[in-house]
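Close look at the chain arrangement
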Amino acid sequence: RPVSRFSMFASEEEDELATSRHRILKWVPVVPGQEDDDVDLDKVAKDNGVPRNVFLAYIVSEMSEEESFKTLPFAVLLVVIFALSFSLHDQAQKILDVQDAVRFDIEENANFAFNNIGTYGAKNIYDVNQRGDFFSWTRMGLMTLVLQTSPNLAEWRENDETWNTASEYFLNYNRVIGGIRMRQARGPKQSLPSSEAWLYDKPLTPVGTTLDLNQHLRPENFQVIAADTVFDESRTVWLLQNESQAHNDRVLVEMEDSGWFDDQTAQVELSFTTYNPHFDTLTVTRIVVLQSRSGHFWRSVVPQSVFMNHFPDDDLFYVKLVVDCIFCFQVLFLLILEGRELAFLCVRYRSSGILEALGKYASWWNVIDWIAILYGSGVAIVFLYLNSQARDLGDELRSLRVGAASWIDVVELNRVVERTIDLIGSYKSFRTFAACYPLIIMVRLFEAFGAQPRLAVLTKTLKLAATDLFHFGIVFLATFGSYAVMAHALFGRDLHDFATMPRSFQTCFLVLMGDFDLREMMQVGRSVAFMWFLSFMCLVLLVMLNMLLAIIMDTYTNVKGQVTSTETLAEQATEFFVRWRRNRRKERVSLSQIWQCYSESLGEEEEAASTMGGLDFGPLETVESVQATVGGIRPQQALRLLRNAIKEYKQDYDSQHGLSIADAMSVVNKIHYKLDAFIVTSRRGEQARSAGRRHSHVDLAAIARLQAAGAGDDCPAESGDKPTPPVAASAMRLPVRASEVGRIEGGKPGGLAPVSGVLSRPANGFVSPLALPSLKPSGSQWSLCGVDRVEPASIVHDGVVSDKRNAQLSVALDSVEVFALLRAAEKQLSSGNPRHTPALLAVQAASNFLAHEGGTPHDT
């Protein structure tokens, strides 16, 4: 740390370094006054060497950066290969094309409520609000569309041609498998108490536990897919494609007359399965009608598709095969690297036991590597398993097509459809499972980015700002949660987006991001909605969100300032390439060999201690010592390593002492305060000098009068002293130990009689401002009387004492006394430790006086 001029020494550990050592390179002796000057790194490396811990820390750091840099292309390639493999097999555009075609056709063309001539249906699936509407839409809309019994001819032509059975194709290219399956989930029946029967004379039919969907809100598609609803298999009905339209009409009429859809029905599901050979996809379309106990119908159309074979014999077969092999090789290669590292540590620490080796191996990045290995292996294994299941299902579907009559086997149809739905659900879960793998790869990328300071700006910023972000997050979540609860209370009964607490939190976040419908909220109440919106946007968006950005930018500015002098990615790549080329030419010794040589020459404890920092740098490494330890290393490489170690040590020191914006403003405020205090003190001194109140020594007679009144003994004055009031040209407050009574006697050079003085502690615990240490001339001899000991650790900036156990002594000095104190201090400094003599007091006072009077650093 730099030594402040407001305190004599920063700490006891650095007091010897601060006066004759370089401020950063503390093992380098320098001329006083040049502690902050730049030094020649080559000269320092040759003449002074480098501490062993600094040198070995540089070797370890370079080895780590080199290994991480080597993994950077591998990590980036892993991301690219996984993305390419997943995209080739997923082919989302084909699946989306099939599903959109089915959904659009059902929503737009499955109509009912036709006009008199039967050419236009006014309603679709989303207009089904009664049970009669449901059967009308099923008969005139869905069944006519999916199980066509006549060709689709032009409107002006008479369409008298009919088929005995329904068409096997839907939308021309999709083969319908079996027909339409209708099933339902039912709730239990409960009786009302007799006292309430007059109000509601029907039995209660709650949903119960059979329904895995929220009947109060419109179900999302993902909820329909993930729902685990318990269906009543006894009420499962098939509208088969090999039956005539008249037969299927009779089935629907019987269902309606028998009360198939009644009060106990909680959910009705209509589903049909299609196969598209052009895309090799199997699609299950599910139309769900949820009957809420409020009487409202929620309708959803959810088609889901899956590929029957992810390795078809097409143009991309070999491309997929090569990409998948590269991905598997990368995972295997990562496994080999981690296994080698673990095996090496086990062999090295075999005497200490396997637990010792695992302790050395255990680190955050190694855990991430093993997670990437296991997760990647799991993705590959599960994908191959699901692909084999899809191929088996395709073989089973092809074996079922024996004849038209074979589709009448309803049990077989149910089994095939259920297996298809289970396979589609497994693929959905697998896609979610595989979607998390890029996050793990991203964390591995951060590990590789750590080898390059400019790439590690993001991670280092988040790491340094983590504490501030955590505390800010508590305040932000409390405020944001309060507004979410407020929105749920205000709009929950009128708007679906705020109907539940999770939806309210999600909607508030969307409002924060700018996605909101203020007009819809104002329908609830214009003034209430506006006041909530205004306060939310002002406090959360304009204030708190910008505070979050300020926290991040403050840390980012600090981190960015630390990496301005570091190597760029291109420079680092060039450096590693030059090292590799020199290794190939046998022009240098690798860093791993250097580390191995030092590891063999040092014990484990000494090796661990040598890589730690601190004031105790240990032995110095020079070019000769490096050559003696590492056999075969050239002097040029040894000097280069020492110079680079010093350079990195300086960069680390500068980065650790960087200032954020908040710290910089705090420093500016402190400087402003000290400048104001300095100006005030200077003006007072100037006023005192202009008034002619400068004196050659302190009035000892006044001290005698005070001590006679009970303040204690003072320094004996010589005869002829004239009492004069002490006026200071400059003053400072210094601590002394108030519990001690000090006596200082002057020396006897030349045989002259000394002058002595005593300072005692008053009853109030503080020394009187007039009881001053002073120098009194006695011929050519000067004597200092005053205090015996001072406490250097208590001397702080501006001389303000924070330790109340110490008294405070106001020292008034003029220019004559300053130089007299310096002369006495010079003699005492050569006779003992200055921290426990009045010499420290003299030097401190003189330094302060000269600083105020414009003295040079050399004079101080």
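Residues numbered from 1 in each chain as written. Predicted model: local features only at pLDDT ≥ 70, side-chain atom pairs only at ≥ 80, totals over all residues. Heavy atoms only, no water.

**Description of the nonpolar core**
Soluble, globular proteins show a tendency: their nonpolar side chains are buried together. Of all hydrophobic cores here, the largest spans 38 residues; its most connected members are F82, L282, F327 and Y437. Sorting the residues of this core by element identifies α3 (52-90), β6 (237-240), β8 (281-291), α8 (317-348), α10 (364-400), α11 (410-435) and α12 (437-449) as the ones contributing at least two each. Not counting residues up to four positions away in its chain, the partners in contact with Y437 are L78, F82, F327, V331, A372, Y375 and G376. Core analysis: the next-biggest nonpolar cluster, separate from the first, contains 32 residues, M143, V146, L239 and F297 among them. (Core = buried A, V, L, I, M, F, W, Y, C linked by side-chain atoms within 4.5 Å. Buried < 20%, exposed > 50% of the residue type's maximum accessible area, 1.4 Å probe, protein only. Helix = DSSP H or I, 4+ residues; strand = E, 2+ residues; numbered from the N terminus. Contact = heavy atoms within 4.5 Å.)

**Concerning the pattern of salt bridges**
Two side chains bearing opposite charge may form a pair once their charged atoms approach each other closely. Counted under the stated rule, the structure contains 22 salt bridges. For R643, the salt bridge is made with D42, and the minimal N-O distance between the two is 3.1 Å. Remark: D42 occurs in helix α2 (residues 41-47) and R643 occurs in helix α22 (residues 635-656); sequence separation between them is 601 residues. Take R643: its relative accessible area is 25%, and that puts it in the partly exposed class. (Salt bridge = Lys/Arg side-chain N within 4 Å of Asp/Glu carboxyl O.)

**Topic: helix α5 (residues 131-146)**
Compared with the 22 Å implied by 1.5 Å per residue over 16 residues, the 21 Å span of α5 between its first and last C-alpha is a close match. The largest bend along α5 reaches roughly 40° and is located at T138. Turning to α5, its buried residues are D133, F134, F135, W137, T138, G141, L142, M143, L145 and V146. (Expected span 1.5 Å × (residues − 1). Bend = angle between axes of the 7 residues up to and from the residue.)

**A closer look at unusual backbone geometry**
In this structure, Q91 takes a positive phi of about 45° despite not being glycine. Relative to the helices and strands, Q91 resides in the loop between α3 and α4 (92-109). Assessed through its relative accessible area of 10%, Q91 is described here as buried. Positive phi, close to 55°, is recorded for D280, a residue that is not glycine. Relative to the assigned elements, D280 resides in the loop between β7 (265-276) and β8.

**A short note on the side chain of R444**
Within the secondary structure, R444 sits in helix α12. The class of R444 is buried, set by a relative accessible area of 4%.

**A word on a nonpolar patch on the surface**
On the surface, V76, L77, V79 and V80 cluster together to form a nonpolar patch covering roughly 280 Å² of accessible area. With respect to the helices, strands and loops of the structure, V80 is situated in helix α3. Judged by its relative accessible area of 48%, V80 falls in the partly exposed class. (Patch = residues over 30% accessible without salt bridge, like charges linked within 9 Å, V, L, I, M, F, W, Y side chains within 5 Å. Areas by Shrake-Rupley, 256 points an atom, 1.4 Å probe, with all protein chains shown as cover.)

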